[in-house]
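# Structural description and commentary
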Amino acid sequence: MTEPEIYDLNGKRVWVAGEHGMVGSALVRRLQREHCSLLRMPRRAIDLRDQAATSIWIKSCKPQVIFLAAARVGGIAANAAMPAQFLYDNVMIAANIIHAAHEAGVERLLFLGSTCIYPRDAAQPIREEALLTGPLEKTNEWYAIAKIAGLKLAQAYRRQYGADFISCQPTNLYGPGDNYDLDSSHVLPALLRKIHEAKQAQAGSMTVWGTGRPMREFLHVDDLADAAVFLMRHYAGEMPINVGSGQEISIAGLARLISTVVGFEGELVFDRTRPDGTARKLANSSRLNALGWKSARSLEDGVRQTYTDWLATMPSDERSNAARTE
Ligand code: GDP
């Protein structure tokens, strides 16, 4: 059963902050199917870390609805290399947009967090109530603290000013527009690229970081966008809502699945000098499911689609080489 709609997006002026990123562009694709008026900001037109510029933008274009998807994002290596940028940029972006949205009288705002906000040792699957009940995972605490600040801002503005701001935290995302740079990417695009390149080079093996034992849950970014629009329509409350697929797999299992999709038959070598990060991170999405939203896509279908989408972004010589091997 689906909860009744509490907010009608029809005819509303909607701004997706971070519309050029992976999450933001998925939200734009999804919102183009709605009868709302999408406000577009040219790439890098405004530095969202700049409070005055952000405030002027929001006051001049007067959105009624904001999806706050702008963030500095990256995988386990990027977090370790750039702690100041992960903390400062994400705190500033969240604070500037949420405060300006309040001042401009924005009707609804959805802040996008991440499941890395939860304590490292939280009971699995992780319920929303686990927030701030224990120490964070060290490998991404900079990003996590900024995301906690963001969702607390949404709660605080709701509590103090009655602003209708909500938050959700998606699990590990993948899909079109992902970052395939091996120094800063997350595991799924990294393995897709490394396994694709190993296949092309006819290598006998490829390297996976860590032990392969950590468990991760993955959600296609188009499913997240659908859930975010659903929450905008159906949910108002202080509790930040988990958005997961319930599809959990070990890193070794993911590497095997991607090898099957790509057609790589070589050996997987585990580089134990690389960090594993958190042992397991599975969101309990029963609150979202009870509101009436559930992810339907299988991880294998999502990975196949993502591989096809990524190949389509490559020069044609590399693509045809890869396509022959499928
Ligand atoms: P996390 O979910 O925040 O820990 O970030 P990542 O997506 O970067 O990493 C998830 C897990 O995948 C960690 O245990 C990594 O060590 C492991 N992993 C295995 N191979 C790779 C790789 O090539 N790149 C990345 N980023 N992670 C990898």
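This next bit is on the overall build of the chain. Counting secondary structure elements, the chain contains 11 helices and 12 strands. Rg of the C-alpha trace for the chain: 20 Å, near the compact-globule value of 20 Å for 326 residues, within the 12% margin. Principal axes of the C-alpha set define a box for the chain whose edges measure 60 × 45 × 45 Å. Residue pairs in contact within the chain that sit at least 24 positions apart in sequence constitute 79% of those at least 6 positions apart. A total accessible area of about 14300 Å² is found for the chain, and carbon and sulfur atoms account for 51% of it. Separation of charge centres in the chain, based on 37 positive and 36 negative side chains, amounts to 2 Å.

According to the stated counting rule, one finds 22 salt bridges in the structure shown. Here Glu5 makes a salt bridge to Arg233, at a shortest N to O gap of 3.3 Å. In this pair, Glu5 sits in the segment before strand S1 (13–17) while Arg233 sits in helix H7 (residues 221–234), placing the two residues 228 residues apart along the sequence. The salt bridge partner of Arg304 is Glu300, with a shortest N-O separation of 2.8 Å. Remark: Glu300 and Arg304 occur in helix H10 (residues 299–312); sequence separation between them is four residues, near one turn of the helix. By relative accessible area, Arg304 is classed as partly exposed at 37%. Among the charged side chains, a salt-bridge network with shared partners connects Glu5, Arg30, Glu34, Asp226 and Arg233.

Attention now moves to the confidence of the model for the chain. For the chain, per-residue confidence averages 94 on the pLDDT scale, and 97% of positions sit at 70 or higher. Ignoring residues within four places in sequence, the model shows residues 320–326, a span with pLDDT below 50, making nine contacts including any to other chains.

Here the focus is the sheet that holds S1. Judged by pairing direction, the sheet is parallel, and its six strands sit side by side in the order S2-S1-S3-S4-S5-S9 without closing on themselves. Taken across any chain shown, the strands that pair with only one partner, and hence form the sheet edges, are strand S2 (37–39) and strand S9 (241–243). The mean inter-strand angle of the sheet, taken between neighbouring strand axes irrespective of direction, is 25°. Packing against the sheet, helix H1 (residues 22–31) makes contact with S1, S2, strand S3 (65–68) and strand S4 (108–112), and its axis sits at approximately 155° to S1.

Moving on, we get to the side chain of Ser114. Along the chain, Ser114 falls in the loop between S4 and helix H5 (141–161). Within the structure, Ser114 has its side chain in polar contact with the backbone nitrogen of Cys116 (distance 3.0 Å).

Examined against the element boundaries, Gly113 turns out to sit in the loop between S4 and H5. On the accessibility criterion, Gly113 (8% relative accessible area) is buried.

Reading the values: rules and limits
Residues numbered from 1 in each chain as written. Predicted model: local features only at pLDDT ≥ 70, side-chain atom pairs only at ≥ 80, totals over all residues. Heavy atoms only, no water. Helix = DSSP H or I, 4+ residues; strand = E, 2+ residues; numbered from the N terminus. Rg over C-alpha atoms; globule rule 2.2 N^0.38 Å. Contact = heavy atoms within 4.5 Å. Areas by Shrake-Rupley, 256 points an atom, 1.4 Å probe, with all protein chains shown as cover. Lys, Arg positive; Asp, Glu negative; His and termini not counted. Charge placed at Lys NZ, Arg CZ, Asp CG, Glu CD. Salt bridge = Lys/Arg side-chain N within 4 Å of Asp/Glu carboxyl O. Buried < 20%, exposed > 50% of the residue type's maximum accessible area, 1.4 Å probe, protein only. pLDDT = per-residue confidence, 0-100. Pairing = 2+ DSSP bridges. Axes fitted to C-alpha atoms, helices over the stretch in contact; angles between N-to-C directions. Polar contact = N/O pair within 3.5 Å; in protein donor to acceptor, adjacent residues only side chain to side chain.

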